[in-house]
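Structure assessment
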Amino acid sequence: MNARKTDAIVIGAGWAGSILAKELTEAGLSVTVLERGDDRATAVEGDYPSSIDELRGAIRHRLFQNLSQTTVTIRNTVGQVAVPYRRLAAFLPGEGVGGAGLHWSGVHFRVAPDDLALRTNVIARYGKSFIPEGMNLQDYDVTYEELEPFFDKAEKVFGTSGEPYTIQGKIAGKGNPFAPDRSDAFPLPAMKDVYSASLFKTAAANVGYHPYSLPAANASAPYTNPYGVQMGPCNFCGYCSGYDCYMYSKASPNVNILPSLRQDPKFTLITKAHVLKVNLDSEKKKATGVTYLDLQTRQQVELEADLVIVSAFQFHNVHLMLLSGIGQPYDPVANTGTVGRNFVYQTITTSRAWLPSTHYTNQFIGAGGAGVAIDDFNSMNFDHGPLGFVGGSPVWVNQAGAKPIAAAIGGPGGKAPAWGEGYKDAMVETYRHSLTIDAHGSNMAYRDVYLDLDPTYTDAYGQPLLRMTFTWKDNDIRMNQYVVSKIEPIMKAMGATRYSLEKLATDQLFDTRRYQTTHLGGGAVMGADPQTSAVNRYLQSWDVPNVFVIGASAFPQGMGYNPTGMVAALAYWSAHHIRTTYLKNPGPMVRA
Amino acid sequence: MGGLLGSASFWLYSDHEVWADALTAVDAGPYTPRYFNQEEWRFLNAACERIFPTDAHGPGARSLGAPEFIDRQMDTPYGHGKLWYMSGPFLNAPENLGYQLSLPPRDIYRQGIAAADAYARQHHDGRSFADLDASAQTAVLKDLEHSEMPLGSVPAHFFFEQLRQNTLEGVFSDPLHGGNKGLAGWTLLGFPGARADFMDWVNQQGAPYPFGPVSISGETA
């Protein structure tokens, strides 16, 4: 194929890429989105009932990344040899149009404002010595007030259901009292609370916490978004997490943005296009386009552009920067470079309560974004002084729809057998009469937790795999243990006949075999200092200013909240400044 | 690399094939395994039944079709290891860093069953696993569950977990994949299958959901 030219290339057709493509075509640019997976349409492979096949879906990973072509390697510590993440388990990146935004659950938070300047806030409240040795605590260099219009915009695009607390400074509902002020209401009222969530709401209030219904990008009523696309009301079928929503109720790039983009003649989507690298000029100061492998013809294609948006999944962004030579790779020994620095995750543990056998929790009923949470132990909403750790966790019942295979493999819990005699008895009790409560929390960044290129393993295209060096650290383990201890009174107040509290163990290593969460972050973080951040406050590369890197890769720390709302707001924030400032005068938007 | 394998079109094609098989299997009489040989098939039937036994709660894995399910899975992209990263080098690594062998599921079974059966014969006067009584079979499986002993190149506990997971998949997946015959797995748990519309049952104050399961093809229990 011949070299071709477009105004802007967008890499990846998930949330971040779809938002940037929409904004840049609105600005009049010709935009080509390159997606290495297949095109995906809810009307085709997301159709009812064939799409709600658990085996083919969540178990055999219909919508997830196929690791046979490319994966990562993982080790816990710098001295270890990393080995490939051969089978999906701990985290589940997406692949294909929609990306992880097609198979996500739909919990749609904003941000805890204190988290945006966590370093400044921790030092102000507890002093610099409170930060443990080796923890790279950083600020985002953007405020909640600056981001608020973009949170608002994203919620209107997503059709988010929720209950406000304050709107323009006035109490407007029974929402989360720790949530920041809003300029406007949620587009839709909160989702109903399922039985287990309603029990949690009453119990948590009775023990003095502040429960609220989760903000969910699951439509509680019919909705038409600003792009003119329509959503149907969620029917609590329970097939959000891991599935494409056949009801058109869960927000996805496929449902909420792409139908409008596909009608725009300035928009081109090329699927089965695996980007090998962003091409730079000889001084590595300017991107000239990308080279991708057409997975159907096996031909390499060069595509030229004035602007390159790197908006794949978090670690793919970092991988592509390293493969392309954008910025300086992070070196944990010399403590130099920024690309790969501050790789973060989230802590999550799931505790279980069993109710009397007269109470059926009907766990198959649910919605991925719905539930009831408390923020009393999230962010800086409580006094860390006597506790001696940084960070926190929301705690919730988020009944997303428990399917039989996953439940059966997970087993009945407690001391009950995982197979054989006694298994059925215990499994039936657990499936019919129990509920789960998660502590879903932050994970800080550390000097020796990072991403780089693996020296040994390559992908199917001959390029080095990305290497993760990651394990749990004492600060985050103690945070998790503390927050989980606060679940116990809720369990008791709910009338649990018994319960098991799950927490990270002291010195516990990261285990790649068990699903935890797909909320990976960092590695190309935003910030004010080019010595400690890869992109500036507008998510523009410090080193190659016509490259913007959008996604959870920009998070300096792993926050307690689910990341998608923040990713979408940052995408709209960055796009706004590209449109209003960068395009008029291309070049660095922040002086280093 | 690539081609039809791993693409959505492959999955659709593959699924249609499985679906068609499921529909014709209704009148086809006893299932004849395509991948497992007769000795393996006897082992598999006995082991699945011990993992999910027939009891007062209802049928076990054997009559639910879990062995048939596993046999069918051996000829899917999953069975061939097409969903896993299978490039070397294959190193010994700490268990928490996950599976590091070069074997896809069909080879895990081939090596694992032969070695597990040999282990059973060694400890039970030359009788193969399928010929032991239920309690002796359970004892062998418990040995495997907790042992690092190699079965071929597969650690025993790993082989056991593969068997346990695939058995439960067979018991609880949609019947179009060959298991969960009569939807009895779902009936046991109280899972309503593909009904997938609970608008009126978001919160009924803890009352049991009243309707039985329905499969993707429309079969009811």
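Residues numbered from 1 in each chain as written. Chains lettered and ligands numbered in written order. Predicted model: local features only at pLDDT ≥ 70, side-chain atom pairs only at ≥ 80, totals over all residues. Heavy atoms only, no water.

1. Considering the overall build of chain A
Counting its regular elements, chain A contains 15 helices and 23 strands. With respect to the principal axes defined by its C-alpha atoms, chain A has extents near 70 × 55 × 55 Å. Per-residue burial for chain A yields a buried fraction of 65% across its 592 residues. Both charge centroids of chain A, one from 51 positive and one from 53 negative side chains, sit 2 Å from each other. (Helix = DSSP H or I, 4+ residues; strand = E, 2+ residues; numbered from the N terminus. Buried < 20%, exposed > 50% of the residue type's maximum accessible area, 1.4 Å probe, protein only. Lys, Arg positive; Asp, Glu negative; His and termini not counted. Charge placed at Lys NZ, Arg CZ, Asp CG, Glu CD.)

2. Observations concerning the interface of chain B and chain A
Contact residues are listed per partner, giving 80 residues for chain B and 72 residues for chain A. Summed over both partners, the interface of chain B with chain A comes to about 6,300 Å²; 61% of that surface belongs to carbon and sulfur atoms. Among the residues chain B hides against chain A, the three largest losses belong to Y85, L189 and V202 of chain B. Together they make up 13% of the total. At the junction of chain B and chain A, the tally comes to three salt bridges. Linking K424 of chain A and D55 of chain B is a salt bridge whose minimum nitrogen-to-oxygen distance equals 3.2 Å. Joining chain B to chain A, the criterion identifies 40 residue pairs in polar contact (both at pLDDT 80 or more). Counting only elements with at least two residues in the side of chain B that touches chain A, the list comes to helix 1 (8–25), helix 2 (38–51), helix 4 (66–73), helix 6 (134–145), helix 7 (156–172) and helix 8 (184–189) of chain B. Per-element tally for the side of chain B that touches chain A: the top contributor is helix 7 of chain B, with nine residues. The residue inventory of the side of chain B that touches chain A, partitioned by class, reads 42 nonpolar, 26 polar and twelve charged. (Contact = heavy atoms within 4.5 Å. Buried area = accessible area lost by both parts, 1.4 Å probe. Salt bridge = Lys/Arg side-chain N within 4 Å of Asp/Glu carboxyl O. Polar contact = N/O pair within 3.5 Å; in protein donor to acceptor, adjacent residues only side chain to side chain. Nonpolar A, V, L, I, M, F, W, Y, C, P; charged D, E, K, R; others polar.)

3. Describing the packing of helix 6 of chain B against helix 7 of chain B
Residues and elements named next belong to chain B. Interaxial distance between helix 6 and helix 7 falls to 7 Å at its minimum, and their mutual angle equals 120 degrees. Compared by their axis directions, helix 6 and helix 7 come out oblique. Facing L141, L144 and E145 of helix 6, the residues of helix 7 in contact are A156, H157, F159, F160 and L163. Its residues assigned to classes, the contact of helix 6 with helix 7 comprises six nonpolar, one polar and one charged. (Axes fitted to C-alpha atoms, helices over the stretch in contact; angles between N-to-C directions. Parallel < 35°, antiparallel > 145°, perpendicular 65-115°, else oblique.)

4. Comments concerning the pattern of salt bridges
Summed over the entire model, instances satisfying the criterion amount to 35 salt bridges over all chains. Residue R537 of chain A pairs with E146 of chain A through a salt bridge whose shortest N-O separation is 2.5 Å. Note that R537 of chain A is positioned in the loop between strand 22 (521–522) and strand 23 (547–549) and E146 of chain A in helix 6 (residues 144–158), a separation of 391 residues in sequence. Given a relative accessible area of 26%, E146 of chain A falls into the partly exposed group. Ionic pairing is found between R110 of chain B and E40 of chain B, a salt bridge with its closest N-O pair at 2.8 Å. Taken together, the residues R110 of chain B in helix 5 (residues 105–123) and E40 of chain B in helix 2 connect sequence positions 70 residues apart. Under the relative-accessibility criterion, E40 of chain B is labelled buried at 7%.

5. Section: the sheet that holds strand 16 (residues 372–374) of chain A
For sheets, the rule is that strands pair by backbone hydrogen bonds, running either parallel or antiparallel. All names here are of chain A. Reading across from one edge, 7-16-17-18-15-21 is the order of the six strands in this open sheet, with antiparallel pairing throughout. If you trace the sheet from one side to the other, it starts and ends with strand 7 (212–213) and strand 21 (498–500), each paired once. Both strand 15 (residues 347–354) and strand 18 (residues 434–441) contribute to a ladder of eight bridges, which runs antiparallel. Across the sheet, T350 pairs through a bridge with D438, a residue of strand 18. Each of strand 7, strand 16, strand 17 (395–397) and strand 18 is contacted by helix 7 (residues 195–206), which is oriented at about 30 degrees to strand 16, the strand it contacts most. Across the face of the sheet, helix 13 (residues 474–485) comes into contact with strand 15, strand 17 and strand 18 while running at roughly 25 degrees to strand 15. (Pairing = 2+ DSSP bridges.)

6. Here we look at the UniProt feature "domain: Glucose-methanol-choline oxidoreductase C-terminal" (unreviewed entry) in chain A
Cross-referencing UniProt, the feature "domain: Glucose-methanol-choline oxidoreductase C-terminal" (unreviewed entry) maps to residues 452–571 of chain A in the present numbering. From the first C-alpha to the last, residues 452–571 of chain A spans 25 Å; its make-up is 22% helix and 18% strand. (UniProt positions renumbered as here; feature names shortened; annotations may be inferred.)

7. A look at the confidence of the model for chain B
Detailed conclusions should not be drawn from predicted coordinates in areas where pLDDT is low. When pLDDT is averaged along chain B, the result is 90; 87% of the residues meet or exceed 70. In this model, residues 1–20 of chain B is a region of pLDDT below 50 whose contacts with residues beyond four sequence positions or in other chains number 30 contacts. (pLDDT = per-residue confidence, 0-100.)

8. Looking at the side chain of R341 of chain A
Residues and elements named next belong to chain A. Structurally, R341 can be placed in the loop between helix 10 (314–324) and strand 14 (343–344). Although R341 lies buried, it forms no salt bridge, and the closest oppositely charged side chain, D529, sits 8.0 Å away as judged by the N-O distance. There is a polar contact of 3.3 Å between the side chain of R341 and the backbone oxygen of T532. If we skip the residues at most four places from it in the chain, R341 touches N136, Q138, Y330, N335, G522, G523, A524, V525 and T532.

9. Thoughts on the state of the cysteines
Residue and element names in this part refer to chain A. All told, the structure shown has zero disulfides over all chains when counted by the stated rule. C240 forms no disulfide, and the closest cysteine sulfur to it belongs to C234, at a distance of 5.7 Å. On the basis of relative accessible area, C240 is assigned to the buried category, the value being 6%. (Disulfide = S-S within 2.5 Å.)

10. Thoughts on the environment of A207 of chain B
Residue position: A207 of chain B is located in the segment after helix 8. Residue classification places A207 of chain B among the partly exposed positions, given a relative accessible area of 28%. Beyond its immediate chain neighbours, meaning those up to four positions away, A207 of chain B contacts Y360 and N362 of chain A together with W201 of chain B.

11. Observations concerning the environment of H577 of chain A
Residues and elements named next belong to chain A. Mapped onto the elements, H577 comes out in helix 15 (residues 564–582). Classification of H577 as buried rests on a relative accessible area of 15%. Distance in space between the C-alpha atoms of H577 and L539 is 9.8 Å, their sequence separation being 38 residues. Among residues more than four places away in sequence, those in contact with H577 are Y538, Y582 and M589.

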